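Fold and contact review
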Amino acid sequence: MKVIVPVKRVIDYNVKVRVKADGTGVDLANVKMSMNPFDEIAVEEAIRLREAGKVEEVVAVSIGVKQAQETLRTALAMGADRAILVVAADDVHTDIEPLAVAKILAGIVKEENPDLVICGKQAIDNDMNATGQMLSALLGWSQATFASEVNLDGDSAVVTREVDGGLQTIKVKTPTIISVDLRLNEPRYASLPNIMKAKKKPLDEKTPADYGVDVTPRLTVVSTSEPATRQAGIIVGSVDELIEKLKEAGAV
Amino acid sequence: MAVLLLAEVTDGALAVDATAKAVTAAAALGDVTVLCAGASAKAAADEAAKINGVAKVLCAEDAALSHRLAEPTAALIVSLAGDYSHIVAPGTTDAKNIIPRVAALLDVMVISEVTGVVDADTFERPIYAGNAIQTVKSGDATKVLTIRTAGFDAAGMGGSASVETIGATADPAMSEWVEDKVAESDRPELTSAGVVVSGGRGVGSEEDFALIEKLADKLGAAVGASRAAVDSGYAPNDWQVGQTGKVVAPDLYVAVGISGAIQHLAGMKDSKIIVAINKDEEAPIFQVADFGLVADLFEAVPELTEKL
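The structure presented is a predicted model; accordingly, all values stated were derived computationally and were not measured.

The rules behind each value
Residues numbered from 1 in each chain as written. Chains lettered and ligands numbered in written order. Predicted model: local features only at pLDDT ≥ 70, side-chain atom pairs only at ≥ 80, totals over all residues. Heavy atoms only, no water. Helix = DSSP H or I, 4+ residues; strand = E, 2+ residues; numbered from the N terminus. Buried < 20%, exposed > 50% of the residue type's maximum accessible area, 1.4 Å probe, protein only. Contact = heavy atoms within 4.5 Å. Areas by Shrake-Rupley, 256 points an atom, 1.4 Å probe, with all protein chains shown as cover. Lys, Arg positive; Asp, Glu negative; His and termini not counted. Charge placed at Lys NZ, Arg CZ, Asp CG, Glu CD. Polar contact = N/O pair within 3.5 Å; in protein donor to acceptor, adjacent residues only side chain to side chain. Expected span 1.5 Å × (residues − 1). Core = buried A, V, L, I, M, F, W, Y, C linked by side-chain atoms within 4.5 Å. Axes fitted to C-alpha atoms, helices over the stretch in contact; angles between N-to-C directions. Parallel < 35°, antiparallel > 145°, perpendicular 65-115°, else oblique. Left-handed = near helix turned anticlockwise from the far one by under 90°. Nonpolar A, V, L, I, M, F, W, Y, C, P; charged D, E, K, R; others polar. Pairing = 2+ DSSP bridges. UniProt positions renumbered as here; feature names shortened; annotations may be inferred. Domains from an automatic or database assignment. Buried area = accessible area lost by both parts, 1.4 Å probe. Salt bridge = Lys/Arg side-chain N within 4 Å of Asp/Glu carboxyl O.

Secondary structure summary: chain A contains 6 helices and 13 strands in total. In chain A, which comprises 252 residues, the proportion classed as buried is 55%. Pairs at least 24 residues apart make up 73% of the contacts formed inside chain A by residues separated by at least 6 positions. Total accessible area computed for chain A in this model is approximately 10700 Å², and 48% of it derives from carbon and sulfur atoms. A gap of 3 Å separates the mean positions of the 30 positive and 37 negative side-chain charges of chain A.

If you want it as structure tokens, here you go:
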């Protein structure tokens, strides 16, 4: 069985985001970039499936700027076997929309014929939570989103999902798309020898045109602004003072 | 303009608060038709018909539509989509599962977690865990969106829309439901509660989370948790408040033993009054709190519970 894992290069989750003064977006020049944390969990899950003997090959894919090859090298250092980079933008500020990403991934799936795609449920930059579901729709495959437990079982997968009311378990026919949530696993760190080895693993470079996909955005960004900031509050000295303040504010 | 709104229906019951908040957002876009789908959906449809601003309710009952599986529900919505300019749903986990699939089947971009409707094509939504607000204009023929319910007031009840029964589409039979593990609770639902008390890593254990629950029960509040508390096993996943958990905006939010990572702030900073109790005076949570108490939670929380 072959697994494809899409990974996205995003602003590091510890970096404080700054909106550009001209309102065109968020400043990403000279900012630390990392693999989207949900995608790390997806890579880890794919590698564990291979280590368990259920999967033969793990292919990492990234769609974006040329620098995303660093993100793919991270996936390779974690243990992915090879990588495909689809260079779809020149400017680091260009975000390829989930619909276009899903179309490119669908093209890759048709070439690679995997049985499984494991992706992060959401990228922490655009917070869309859409690519897995869209890819599933385009391929006419089943989908199991927000996974916290995955069990492959022949031509099906039993997946436990994190939902609003608690947990839901479903059984999906393979081939399928699984989007992963936070509690599925704890991703490993790449060791130095593996980082060195990753430099020699194959990394193919492609373009959206190779898959006949137009990445022109469907959504035009009109403006990007800072969220409303809260008024500074006060520090109270005791529980009694807290209760008094809450009563004054009509909160209790 | 005509809007098709997917109601939140769980085991035959309508989630009135989430659906009514989405109706408020949708009513600004055109006449609202609500779709109630499920193995049983008639009672939910009758309830949805009472939400002010709803012009019509469609009721689709079929075994394949039970348990909110994405594939059959998306197929049903796509079969109806031709009559509508907008397809809308409250931003629940069910809708986040289904709606992007609908958008891709219609070859349009989804617009997730809308917090503001500027006009029929233009919407505001948070990005980067709410650290920026983006205004986007859609050029697609059909606008497909989910609504962040914390950003809208619920439409009132008192309407009397007509209810029409419709058939389901063929079941694509790609997925089957196995089980739901849903915690029973008498507490209010997290995303619609007027008061929320949340605990973080500082609470230290699953047993000590009882302190948070006691304070919540005293206040008639829902219980929330930070990601750190959920990851550590102190609290179940459906209590998580934050960028990738639930987004809440209650009248009062009490954060106990929560440091205030940006991912957590993303889920609660629109609350009307925020109280923070933390022994670390440098904790970022104090920067968004209206009232901060620098104290050991194991002393302050029982005292607060007793004196309230």
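Now for the side chain of Asp94(B). Relative to the elements of secondary structure, Asp94(B) occurs in helix 4 (residues 93-105). A polar side-chain atom of Asp94(B) sits 2.8 Å from a polar atom in the side chain of Arg68(B).

All names here are of chain B. Relative to the elements of secondary structure, Leu 29 occurs in the loop between helix 1 (16-27) and strand 4 (31-38). Classification of Leu 29 by relative accessible area gives buried; the value is 5%. Along the sequence, Leu 29 and Val 102 sit 73 residues apart, while their C-alpha atoms lie 19 Å from each other. Residues within four places of Leu 29 in sequence aside, it is in contact with Met 1, Val 3, His 86, Val 88, Val 117, Asp 119, Ala 120, Phe 123 and Leu 145.

Attention now goes to helix 4 of chain B. Residues and elements named next belong to chain B. Relative to the 18 Å expected for 13 residues at 1.5 Å per residue, helix 4 spans 19 Å between its end C-alpha atoms, a close match to the ideal helical length. Burial within helix 4 is extensive, with 12 of its 13 residues counted as buried. Taken together, the buried positions of helix 4 are occupied by Thr 93, Asp 94, Ala 95, Lys 96, Asn 97, Ile 98, Ile 99, Pro 100, Arg 101, Val 102, Ala 103 and Ala 104. Asp 107 occupies a position one or two residues after helix 4 and carries a positive phi of about 55 degrees.

Here we take up the nonpolar core. The biggest cluster of nonpolar side chains holds 92 residues, and the ones touching the most others in it are Val34(B), Leu35(B) and Cys36(B). When residues of this core are assigned to their parent elements, the largest contribution, 9 residues, is made by helix 3 (residues 98-112) of chain A. Beyond its immediate stretch of four places on either side in the chain, Leu35(B) contacts Leu4(B), Leu5(B), Leu6(B), Ala7(B), Leu58(B), Ala60(B), Leu76(B), Ile77(B), Leu80(B) and Ile166(B). In terms of nonpolar packing, the next biggest core, distinct from the first, is built from 44 residues, Leu49(A), Ala80(A), Val150(A) and Ile170(A) among them.

Axes are the key here: two packed helices are described by the angle between their axes and the distance separating the axes. Residues and elements named next belong to chain A. At their nearest, the axes of helix 3 and helix 4 (residues 131-139) sit 8 Å apart, and the two run at 50 degrees to each other. Considered as vectors, helix 3 and helix 4 are oriented oblique to each other. In this structure, helix 3 meets helix 4 at a crossing whose hand is right-handed. Along its contact with helix 3, which presents Pro 98, Leu 99, Val 101, Ala 102, Lys 103, Leu 105, Ala 106, Val 109 and Lys 110, the element helix 4 presents Thr 131, Met 134, Leu 135, Leu 138 and Leu 139. Tallied by class, residues from the contact of helix 3 with helix 4 come to 11 nonpolar, 1 polar and 2 charged.

This next bit is on the sheet that holds strand 11 (residues 203-206) of chain A. In spatial order, the strands read 11(A)-5(A)-4(A)-1(A)-6(A)-10(A)-7(A)-8(A)-9(A)-13(B); together these 10 strands make up an open sheet with mixed pairing. Pairing within the sheet leaves two strands with one partner each, and these edge strands are strand 11 of chain A together with strand 13 (175-182) of chain B. In this sheet, neighbouring strand axes are inclined to one another by 30 degrees on average, regardless of whether the strands run parallel or antiparallel. Bridge analysis of strand 7 (residues 142-153) of chain A against strand 10 (residues 176-180) of chain A gives 4 bridges, and the strand direction is parallel. Along strand 10 of chain A, the bridge assignment pairs Ser142(A) with Thr176(A). Running at roughly 100 degrees to strand 7 of chain A, helix 4 of chain B makes contact with strand 7 and strand 8 (156-163) of chain A of the sheet.

A separate point is the pairing of strand 9 (residues 166-173) of chain A. One ladder, built from 8 bridges, connects strand 8 of chain A with strand 9 of chain A; its direction is antiparallel. Considered in strand 9 of chain A, the bridge of Ala157(A) is made with Val172(A). Connecting strand 8 of chain A to the antiparallel partner strand 9 of chain A that follows it, the hairpin turn spans 2 residues. In the sheet, strand 9 of chain A pairs with strand 13 of chain B via 7 bridges, with the strands oriented antiparallel. Across the sheet, the residue bridging to Val172(A) is Ser175(B), located in strand 13 of chain B.

Here the UniProt feature "domain: Electron transfer flavoprotein alpha/beta-subunit N-terminal" (unreviewed entry) sits at residues 3-181 of chain B. Secondary structure over residues 3-181 of chain B splits into 24% helix and 37% strand, and the C-alpha atoms at its two ends are 33 Å apart.

Right, let's talk about the domain arrangement of chain B for a bit. Residue and element names in this part refer to chain B. Here the domain parsing of chain B yields domain 1 (2-166) and domain 2 (195-307). Using only C-alpha atoms to locate each centre, domain 1 and domain 2 end up separated by 31 Å. In total, about 540 Å² of surface goes out of reach between domain 1 and domain 2, with carbon and sulfur atoms giving 53% of it. When the area that domain 1 buries against domain 2 is broken down by residue, the three leading residues are Ala 129, Arg 148 and Ala 150, summing to 71%. There are 0 salt bridges connecting domain 1 and domain 2. The tally of links between domain 1 and domain 2 comes to 1 residue pair in polar contact (both at pLDDT 80 or more).

On to the interface of chain A and chain B, then. Of the residues lining the interface, 74 residues belong to chain A; the matching set on chain B comes to 82 residues. Summed over both partners, the interface of chain A with chain B comes to about 6500 Å²; 56% of that surface belongs to carbon and sulfur atoms. Across the contact surface, chain A and chain B share 6 salt bridges. If you list the elements that add at least two residues to the side of chain A that touches chain B, you get helix 3, helix 4, strand 7, strand 8, strand 9, strand 12 (219-225), strand 13 (234-236) and helix 6 (239-248) of chain A. It is strand 9 of chain A that contributes the most residues to the side of chain A that touches chain B, 8 residues altogether. Class assignment for the residues of the side of chain A that touches chain B results in 37 nonpolar, 20 polar and 17 charged. With 3 bridges joining them, strand 13 of chain A and strand 18 (residues 291-294) of chain B adopt parallel strand pairing. Each bridged residue has a counterpart across the sheet, and for Val236(A) the counterpart in strand 18 of chain B is Leu293(B).

Residues and elements named next belong to chain B. Residue position: Pro 188 is located in the loop between strand 13 and strand 14 (195-199). Taking C-alpha positions, Pro 188 is 9.8 Å from Asp 217, a pair spaced 29 residues apart along the chain. Not counting the four nearest positions on each side in its chain, Pro 188 is found in contact with Ala 193, Gly 220, Ala 221 and Ala 222.

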